[in-house]
Amino acid sequence: MIHRFSIAAILLVACCCTVTALAADKPADAKKSSASVAVLTIDGSYPEGAGQAGLFAEMSVNLHDMVARLEKAAKDENVSAVLLEIRGPMMGRGKTNELRTAIAKVKKAGKKIYADVQTVTGADYILACSADKISMPSSGMFMVTGVRAEVTFYKNLLEKLGVKADFLQVGDFKGAAEPMTRDSMSAPFRKQLEFVLDDFYDQMVGTIAADRKLDVKRVKELLDLGILSAEKAKAAGLIDSIVYEDELKADIAKQLGKDEIKLIRDYGKKQLDTDFSGFGGFMKLMEMITGAEPAARASRNPKIAVVYIVGTITTGKGGGGLMGGEVVGSDTIVKALREAADDPSVKGIVLRVDSPGGSGLASDLMWREIVKSKKPIVASMGDVAASGGYYVSMGTKKIFVEPGTLTGSIGVVGGKLAIKGLMDKVGITTEVISRGKNTGWQSMTEPFSPSEKEAFAQMMNEFYQQFVTKAADGRKMDKAKLEALAGGRVYSGKQAVENHLADAVGTLEDAVKEVKTMAGMKSDDKIEIEMLPKPKNLFDALFGGDAMESKFRQSAPAGLLEQARQMETLLKVFAEPNVTIMPYGVQIK
């Protein structure tokens, strides 16, 4: 028995060894290596602020959301790289820099950034340059030709209509009314615009040269050529690869050294909860539609309030214009500032300003609320913070700008449109009975009389002196020195820092960090961001405006719509006596 067992054991061991040997000889299937790539499509205007509450807020993306999604990708251990699908975003230089800064954080985390572009212009390409690699389809076009400013003038149109534009300005460079009083730029207006454009051009050239590792002289030569095919752009070192969208996945996998990659579409985007079953679901639906926020969501955690001053400044509550332009009202902002001041959980305030200015009175009312605040307040300037936009900022403890912010324009302009000629053409007549020398200063039919113009000019000069004095106090600068920088001159953010009109180049996040420090908090202390004013609910959005707006915006050509917005804004703000608005109608491309 023992003998037979030993033989069986020997046979069993031999069989096992044979199987093991066969298994060793047969190569195992190698496991494929893979990586996850977050995909973000950048194709909108990315408005500042909270936007609209409720259902539409869940579907829209603002600048804060996009920055947060990039920061999430930087920290996500499951994400190996980020693919930016850049599809003609409509952003200014301030917002572009905010996104570039967020993209830099992803790169700092050791993750690759890939940019997929199709047809690129200046803003698209500056954003794409922040990526490690730029790809374009063979049919794509590179159309980065430098920097251009366009100013539209309405004087001839007004004259044909029989309308007399009668305006005064304080400051040689304060050309805000020139679109209505001239048919071309005055010498001072042109000089200051050239001054700013020179800096914007240098910033563009410097950014491209640094990011693409090209000589500055060579970049200027390429911008002078400007319109290039994908092949020529690649040969010049402006892009890295020529691939179609369906080939891009394999191309990225190869660059990452992986067999395959998984694309995570709409990475970090809010998911809309569509489960509305039962009574709880019905209540949730009502909250989403109306924008109502349950009290239970309120938090007592330490907060920094970000108060958004976005759009043309007017007195009252503000709101959307007929043509879709943003209008911010002093009543709304004062209320938001008081709400932040009265909330014990709010430790400090950041003003995020993206405004060309507007009403001098409204700007001053907001400025007053800012300077009397007992909580630390700093300003963070976006694409534009000029004239009235600068007025509200100068009351803060510190001003942060983007390099491409358009700011300054310390000056005053005012006047009216006299439409007697138009009324004569259409057969409308007016008779006037008055008592008093200057009763016609607000007349919509007649231009200013000499005495009315003298009185109006005196009042504007007094307001200008208030503006300059408060700016000098806010910037802790000698008034004479400040006045030499005023007169309506505009500056890039970089130039504003050089001239001490602003304190530092930095993003909104930098401003938040500064407020935390001013409030005695540590840099790593956790806080919540409270965005004010609170977003509009659906009913305000639907019934607070004009039904004609959506129809016009859907049917009007883009260029005509922009002209209509500009004209509407001018008519709205010039209804007030003192207007602190930058030269309107300037489009820097």
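## Things to note about the overall build of the protein chain
- Within the protein chain, the regular secondary structure consists of 23 helices and 26 strands.
- A sequence separation of at least 24 residues applies to 76% of the contacts in the protein chain between residues at least 6 apart.
- About 29,400 Å² of surface is accessible on the protein chain, with carbon and sulfur atoms providing 55% of the total.

## Describing the environment of P356
- Examined against the element boundaries, P356 turns out to sit in the loop between β16 (346-355) and β17 (357-359).
- Accessibility expressed as a relative area gives 13% for P356, which makes it buried.
- A C-alpha to C-alpha distance of 9.1 Å links P356 and S409, two positions 53 residues apart in sequence.

## Side note on the nonpolar core
- In terms of nonpolar packing, the biggest core is built from 50 residues, with V307, I309, I349, L351, I410, L482 and L501 touching the most fellow members.
- Of the residues forming this core, the biggest block, nine residues, is contributed by helix α17 (residues 450-474).
- With 48 residues, the next largest nonpolar core counts V67, V106, A131 and I239 among its residues.

## Quick notes on the sheet that holds strand β4 (residues 119-120)
- Pairing is mixed in the open sheet, where three strands are placed in the order β4-β6-β9. Looking at which strands have only one partner, the edges of the open sheet turn out to be β4 and β9 (227-229).

## Thoughts on the pairing of strand β12 (residues 303-310)
- With respect to burial, β12 is a largely interior element, eight of its eight residues being buried.
- Judged by which residues are buried, β12 turns out to be covered on both faces: K303, A305, V307 and I309 on one side and I304, V306, Y308 and V310 on the other are all buried.
- Sheet topology note: the β12/β16 ladder contains eight bridges and is parallel. Residue pairing across strands places I304 opposite G348, the latter belonging to β16.

## Some details on unusual backbone geometry
- Residue P533 is reached from L532 by a cis peptide bond, and omega for that bond is -5 degrees.
- Positionally, P533 belongs in the loop between β24 (528-532) and α21 (538-543).
- Even without glycine at this site, Y46 takes up a positive phi of about 45 degrees.
- Even without a glycine there, the phi angle at K213 is positive, about 55 degrees.
- Assessed through its relative accessible area of 73%, K213 is described here as exposed.

## Digging into the side chain of S241
- Among the structural elements, S241 can be located in strand β10 (residues 241-242).
- On the basis of relative accessibility, which here comes to 13%, the residue S241 falls in the buried class.
- If sequence neighbours within four positions are ignored, S241 has contacts with I134, S135, M136, K234 and D251.

## Focus on the pattern of salt bridges
- The full count for this structure, using the stated rule, is 24 salt bridges.
- Across the salt bridge formed by R148 and E150, the nearest N and O atoms sit 3.1 Å from each other.
- You can call R148 exposed: its relative accessible area is 53%.
- According to the relative accessible area criterion, E150 is partly exposed, its value standing at 29%.
- Here the salt bridges share partners, and the residues they tie into one network are E48, E98, R352 and E402.

## So, the side chain of S130
- Along the polypeptide, S130 turns up in the loop between α5 (122-128) and β5 (133-136).
- The buried category is assigned to S130, whose relative accessible area is 6%.
- Discounting residues that sit within four places of it in the chain, S130 has contacts with R100, I103, K107 and D211.

## Some remarks on helix α14 (residues 360-371)
- With 12 residues, α14 should cover 16 Å at 1.5 Å per step; its first-to-last C-alpha distance of 16 Å lies within 8% of that length.
- The set of residues buried in α14 consists of G360, A362, S363, D364, M366, W367, E369 and I370.
- Here α14 starts with a cap whose side-chain oxygen sits 3.3 Å from the backbone nitrogen of L361, and that cap is S359.

## A few points about the sheet that holds β5
- Spatial ordering of the open sheet is given by β10-β5-β3-β2-β1-β11, a layout of six strands whose pairing is parallel. Edge positions in the open sheet fall to β10 and β11 (260-264), since each of these has one partner strand only.
- Here six bridges tie strand β2 (residues 81-86) to strand β3 (residues 112-117), and the two strands are oriented parallel to one another. When the bridges of β3 are listed, I86 appears paired with V117.

## Side note on the packing of aromatic side chains
- Taken as a whole and judged by the stated rule, the model has seven aromatic pairs.
- A centroid spacing of 4.8 Å and a plane angle of 85 degrees characterise the contact between Y125 and F142, whose relative ring orientation is edge-to-face. Note that Y125 is positioned in helix α5 and F142 in strand β6 (residues 141-143), a separation of 17 residues in sequence.
- Given the relative accessible area of 1%, Y125 is considered buried.
- Residue F142 is classed as buried on the basis of its relative accessible area, which comes to 1%.
- Taken together, the ring pairs connect W367, Y391, F463 and F467 into an aromatic cluster.
- The residue whose ring lies beneath K72 is Y267, and the NZ or CZ to ring-centre distance is 5.4 Å.
- The ring centre of F200 lies 5.2 Å from the NZ or CZ of R93, which sits over that ring.

## A short note on the packing of helix α13 (residues 330-342) against α14
- Two elements in contact, α13 and α14, have axes whose closest approach is 9 Å; the angle formed by their N-to-C orientations is 5 degrees. Classed by the angle they form, the pair α13 and α14 counts as roughly parallel. Contact residues: S330, I333, V334, L337 and R338 in α13; A362, L365, M366, E369 and I370 in α14.
- Looking at side-chain class alone, the contact of α13 with α14 contains seven nonpolar, one polar and two charged residues.

## So, the packing of helix α3 (residues 63-75) against helix α4 (residues 93-108)
- Between α3 and α4, the shortest axis-to-axis distance is 8 Å and the interhelical angle comes to 15 degrees. Comparing the axis directions of α3 and α4 gives the class roughly parallel. In this structure, the crossing between α3 and α4 has a hand that is right-handed. Between α3 and α4, the residues in contact are L63, M66, V67, L70, E71 and A74 and K95, E98, L99, A102, I103, K105 and V106, respectively.
- Across the contact of α3 with α4, the residue classes break down as nine nonpolar, no polar and four charged.

## A few points about the environment of D124
- Mapped onto the elements, D124 comes out in helix α5.
- Leaving out residues up to four positions away in the same chain, D124 has contacts with I86, G88, P89 and T119.

Quick notes on the rules
Residues numbered from 1 in each chain as written. Predicted model: local features only at pLDDT ≥ 70, side-chain atom pairs only at ≥ 80, totals over all residues. Heavy atoms only, no water. Helix = DSSP H or I, 4+ residues; strand = E, 2+ residues; numbered from the N terminus. Contact = heavy atoms within 4.5 Å. Areas by Shrake-Rupley, 256 points an atom, 1.4 Å probe, with all protein chains shown as cover. Buried < 20%, exposed > 50% of the residue type's maximum accessible area, 1.4 Å probe, protein only. Core = buried A, V, L, I, M, F, W, Y, C linked by side-chain atoms within 4.5 Å. Pairing = 2+ DSSP bridges. Salt bridge = Lys/Arg side-chain N within 4 Å of Asp/Glu carboxyl O. Expected span 1.5 Å × (residues − 1). Polar contact = N/O pair within 3.5 Å; in protein donor to acceptor, adjacent residues only side chain to side chain. Phe/Tyr/Trp six-rings, centres within 6.5 Å; stacked < 30°, edge-to-face > 60°. Lys NZ or Arg CZ within 6 Å of the ring centre and 35° of its normal. Axes fitted to C-alpha atoms, helices over the stretch in contact; angles between N-to-C directions. Parallel < 35°, antiparallel > 145°, perpendicular 65-115°, else oblique. Nonpolar A, V, L, I, M, F, W, Y, C, P; charged D, E, K, R; others polar. Left-handed = near helix turned anticlockwise from the far one by under 90°.

Purely geometric stuff here, so don't read any function into it on its own.
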